[in-house]
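Descriptive analysis of the structure
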Amino acid sequence: MRKKIVAGNWKMNTGIQDARTLVDGILNDLPQLASHQQVVFCPPYIHISRVNGQIQDSGKAQVFCGAQNCHDKASGAFTGEISIPMLKEIGVTHVIIGHSERRQYFAESHDFLKSKVDALVEAGMQVIFCCGEPLEVREAESQNDFVAQQLKDSLMHLNAEVLQNQVIIAYEPIWAIGTGKTASSNQAQEMHAFIRALLATHYGEDTANEISILYGGSCNAANAAELFACPDVDGGLIGGAALKAETFLPIIQALS
Ligand code: PGA
């Protein structure tokens, strides 16, 4: 059975005290997670050690701490960057790669993303690989080709075993991120089914059926249950609604 996951992408938000209060608030009221369900916090780098400490102290299983980015090199003269061994050392298990904000504001190329994916896989980490089209591509009805290309360029060189064990895909239409304009459950299901069919063509149905595909983009307490009820939507990558326990907890509760 494939994993059902809710991951919180805090982006560049929260100070130390806010982060502590947020994690405590979520962990204190966390519902009992079934064995196939997971929760991942992706705070800013500087909070990771503390958040991991809180998770450990809570004794909650199936709750993980992820990072929002990483560099592909293990060390070196890359001012301001953070490497995978550094993240691993402080207990990071998951890393978001290819978020549209990284692609757009930091000009991260398909090749750079591919190289990060390879380095993460090599380090035994979980990759949360983001894909998704801008509004003009959706309006031109070319979203399937666009997303397929993103997956082919940076992800689908991996073999089936690695893909199955170490990759989570997050479909995040750019027009829905932070805009309050969620994709309808039909739009989400259509794209998720397309991605799974693409994976099935390359890797076979058994592998494709094991890959978790999360939806992201204005997913919130009010729409999570409908989105997660779609057969190919396996949870969510949550931005704004991950910043408050009272908006994040109902999204976790919506996992099936
Ligand atoms: P949002 O962000 O939930 O605030 O739209 C999602 C994301 O960018 O991962």
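Attention here is on the structure that accompanies the text. (Residues numbered from 1 in each chain as written. Predicted model: local features only at pLDDT ≥ 70, side-chain atom pairs only at ≥ 80, totals over all residues. Heavy atoms only, no water.)

**Overview of helix H2 (residues 48–58)**
Every α-helix winds through 3.6 residues per turn, so residues three or four apart in the chain are directed the same way. Convention followed: To sort residues, take the accessible area from a 1.4 Å probe on protein chains only and compare it with the maximum for the residue type: under 20% means buried, over 50% means exposed, and anything in between is partly exposed. The way it works is that DSSP assigns letters per residue, a run of H or I at least four long becomes a helix, a run of E at least two long becomes a strand, and they are numbered from the N terminus. The directions from the helix axis to the C-beta atoms are what the arc is built from. In this description, contact between two residues means that some pair of their heavy atoms is separated by no more than 4.5 Å.
Every buried residue of H2 is listed here: Ile48, Val51, Asn52, Gln54 and Ile55. Along H2, the residues classed as buried sweep out an arc of 155° about the axis, all on the same side. Within H2, the exposed residues directed more than 90 degrees away from the buried face are Gln56 and Asp57. For H2, the elements touching its buried residues are helix H1 (16–28), strand S2 (37–42), strand S3 (63–67) and helix H3 (84–89). Following H2 by one or two positions, Gly59 adopts a phi angle in the positive range, close to 70°.

**Regarding the layout of surface pockets**
Threshold: Buriedness of a pocket was judged along seven lines, with at least five required to meet protein on both sides within 12 Å; pockets are open sets of points on a 1 Å grid over the protein atoms alone, cavities are sets where a 1.4 Å probe fits but cannot get out, and lining residues have an atom within 4 Å of a point. Grid points are joined across faces, edges and corners, and a volume is the space filled by probe spheres set on the points. Here the term charged refers only to Asp, Glu, Lys and Arg, the term nonpolar to Ala, Val, Leu, Ile, Met, Phe, Trp, Tyr, Cys and Pro, and the term polar to all other amino acids, Gly among them.
Here the largest pocket defines a volume of roughly 520 Å³. Along the wall of the largest pocket there are 18 residues; nearest its centre are Met12, Gln68, Glu101, Arg102 and Phe106. Top element by residues in the lining of the largest pocket is helix H4 (residues 100–105). It accounts for five residues. In terms of residue class, the lining of the largest pocket is built from eight nonpolar, seven polar and three charged.

**A few points about the environment of Gly91**
By the secondary structure assignment, Gly91 is in the loop between H3 and strand S4 (94–97). As a C-alpha pair, Gly91 and Phe64 span 27 residues in sequence and 8.8 Å in three-dimensional space. Not counting residues within four places of it along the chain, the set of residues in contact with Gly91 comprises Asn52 and Cys65.

**Brief notes about the nonpolar core**
Worth spelling out the cut-off: Within this scheme, the nonpolar core is defined by two criteria: the residues are buried Ala, Val, Leu, Ile, Met, Phe, Trp, Tyr or Cys, and they are joined through side-chain atoms within 4.5 Å.
Core analysis: the biggest nonpolar cluster contains 74 residues, and Phe41, Leu151, Ile169, Ile195 and Phe228 have the highest contact counts within it. Sorting elements by how many residues they give to this core places helix H9 (residues 185–203) first, with seven residues. Those residues in contact with Leu151, other than ones at most four positions away along the chain, are Phe129, Cys131, Met156, Ile169, Ile195 and Leu198. By size, the runner-up hydrophobic cluster in this structure holds 11 residues, among which are Cys42, Ile96, Cys130 and Leu237.

**Digging into the side chain of Lys4**
One can find Lys4 in strand S1 (residues 4–9). The buried category is assigned to Lys4, whose relative accessible area is 13%. Residues within four places of Lys4 in sequence aside, it is in contact with His36, Gln37, Gln38, Val233, Asp234, Leu255 and Ser256.

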